[in-house]
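Notes for the structure review
Here is what each chain is made of, one letter per residue.
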Amino acid sequence: MKWLRPFLMLTSAPLTAAELISVRCEGGAPVRPYFATFDVDAKAVVFETPPINIETNFGINAHSGEIISATDGKIEFMLRVYPGKIDLIFDRIKKTMTWPGLDDPTFRPTLTHQCTITPPRSILSFRVRDPIQHPISVRCEDAGYMYFTMDVASKQALFERGQEARGFRGEVTDASQDEVMLLMNFDVPRRVVLSRISKTITIESIAGDAARPRTVMHCEEVPGRTMIEIYRDPQR
C-alpha cells in the first residue's frame, strides 16, 4: 500500500552525492547508543547525543553540523557545540565512528566506536526509544507549508510549520484503510483527520471558539521527514 510503504534498506555500496543515511553507534561507560544522520549532497549532519538514562532516553539532544569531506568511504564532519566544535570521522567500510584525540593521549585519547548503518532516522524518532520504521509524511497547502508526519504502529505524530520551524507533538488515535485520526497538542488539543481518498487534512473546530473553525487543506505525500530536516535550510 502506497501510504505505508517502508524505507528502502541501504546497501554497503559507495556513498553517492545525494545519499541520506543514519548510523547508530555505541560508546562510553556504561555503553550507550548515539546517532548521526548525514545528507552528503547538502553537506549537513544531525548528531543525537547519548541518553543519560538508556531506559527512558532522557538526556538526548541534537546538534547540527557540517560535512567537511566524503571520500573513500569516510565522512569527516564538524559539530557545532558550545563553546566550540567537535571533529569526527565516520568510516562506512569499517562501520566505525572516530573521535580524534589530542597529540598527547594522556588527556584525551582517540576513541573508536562500532556503528550500524540504518535507514534515515525519522523526525519522529528523536527522543523515542524504538526507531520509527514506517512513517507517513504529508505536506499541506498553506503559506510557508505545513507538514504532518505520523506512524500508526507507534502512534507518534508531529506537526511542523516549515518556514516558522514550529513543531507540535500528537498521537494517532485511530486508523483505517482510508483515514488516520490524530489528536494534536497545539495551543489547545485539536482533532485532525487525514483522508487518503480525498488527499486532505481536516482540522476539526473547537465548539464555541470562532477563532478555531473547521479547516480543510489539500495535502500530498512527500518523502518521509527525517532528523536532517531540523537543520535543513528552507528550500521549499
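Look above for the structure.
Summarised in this report is the structure supplied together with it. Small disclaimer: the values here were computed from a predicted structure and weren't measured.

Rules used throughout
Residues numbered from 1 in each chain as written. Predicted model: local features only at pLDDT ≥ 70, side-chain atom pairs only at ≥ 80, totals over all residues. Heavy atoms only, no water. Helix = DSSP H or I, 4+ residues; strand = E, 2+ residues; numbered from the N terminus. Buried < 20%, exposed > 50% of the residue type's maximum accessible area, 1.4 Å probe, protein only. Pairing = 2+ DSSP bridges. Contact = heavy atoms within 4.5 Å. Axes fitted to C-alpha atoms, helices over the stretch in contact; angles between N-to-C directions. Core = buried A, V, L, I, M, F, W, Y, C linked by side-chain atoms within 4.5 Å. Salt bridge = Lys/Arg side-chain N within 4 Å of Asp/Glu carboxyl O. Phe/Tyr/Trp six-rings, centres within 6.5 Å; stacked < 30°, edge-to-face > 60°.

Let's talk about unusual backbone geometry
For the bond running from Ala29 to Pro30, omega is 0°, close enough to zero to count as cis. By the secondary structure assignment, Pro30 is in the loop between β1 (20–27) and β2 (32–39). For Lys43, which is not glycine, the phi torsion reads 55° and is therefore positive. Locating Lys43 in the fold gives a position in the loop between β2 and β3 (44–48). Of note in the backbone geometry, Lys95 takes a positive phi value of approximately 55° without being a glycine. Note that Lys95 resides in the loop between β6 (84–91) and β7 (96–99).

What about the pairing of strand β13 (residues 179–185)?
Every second residue of β13 is oriented toward a common face, the buried set being Val180, Leu182 and Met184 and the non-buried set Glu179, Met181, Leu183 and Asn185. Judged from the 5 bridges that link them, strand β12 (residues 166–175) and β13 form a sheet pairing that is antiparallel. The partner of Val172 across the bridge, within β13, is Leu182. Between β12 and β13, which pair antiparallel one after the other, the connecting turn spans 3 residues. Relative to strand β14 (residues 189–195), β13 runs antiparallel, the two being bridged by 7 bridges. Bridge assignment links Leu183 to a residue of β14, and that residue is Arg191.

Looking at the environment of Ile132
With respect to the secondary-structure elements, Ile132 resides in the loop between β8 (111–118) and β9 (136–140). When the C-alpha atoms of Ile132 and Arg121 are compared, they prove to be 7.4 Å apart, with 11 residues separating the residues in sequence. Every residue in contact with Ile132, bar those within four places of it in the chain, is listed here: Ser122, Leu124, Ser125, Asp151, Ser154 and Gln156.

Re the sheet that holds β7
Spatial strand order, β1-β2-β3-β4-β5-β6-β7-β8: 8 strands in a closed barrel with antiparallel pairing. Pairs of neighbouring strands in the sheet enclose a mean axial angle of 30°, with direction left out of account. Pairing of β6 with β7 involves 3 bridges; the strand directions are antiparallel. Following the sheet pairing, Phe90 is matched in β7 by Met97.

Digging into the nonpolar core
In terms of nonpolar packing, the biggest core is built from 20 residues, with Phe148, Met150, Leu182 and Ile201 touching the most fellow members. Mapped onto this core, the elements with two or more residues apiece are β9, β10 (146–151), β11 (156–161), β12, β13, β14, β15 (200–203) and β16 (215–222). Among residues more than four places away in sequence, those in contact with Met150 are Leu124, Pro135, Ile136, Gln156, Ala157, Val172, Val180, Leu182 and Leu194. Counting residues in hydrophobic clusters, the runner-up holds 19 residues, among them Val23, Phe38, Leu88 and Met97.

Re the pattern of salt bridges
If the charged atoms of two oppositely charged side chains come close together, the side chains can form a pair. Inspection of the entire model under this criterion finds 8 salt bridges. The partner of Glu220 in a salt bridge is Arg139, and the shortest N-O contact between them spans 2.5 Å. Highlighted residues: Glu220 in strand β16 and Arg139 in strand β9, separated in sequence by 81 residues. On the accessibility criterion, Glu220 (38% relative accessible area) is partly exposed. Classification of Arg139 as partly exposed rests on a relative accessible area of 22%. One salt bridge connects Arg225 with Glu160, and the closest N-O pair in it is separated by 3.0 Å.

What about the packing of aromatic side chains?
On inspection of all chains with the given rule, the structure shows 9 aromatic pairs. Residues Tyr34 and Phe47 carry aromatic rings whose centres are separated by 5.4 Å and whose planes lie at 40° to one another, so their mutual orientation is tilted. Separated by 13 residues along the polypeptide, Tyr34 in strand β2 and Phe47 in strand β3 bring together distant segments of the chain. Looking at Tyr34, the relative accessible area reads 2%, which means it is buried. Ring centres 5.2 Å apart and planes at 75° place the aromatic pair Phe38 and Phe77 in the edge-to-face group. Here the residue Phe38 occupies a position in strand β2, and Phe77 occupies one in strand β5 (residues 74–81), the gap between them amounting to 39 residues.

Keep in mind that these numbers describe shape and distance, not what the molecule does.
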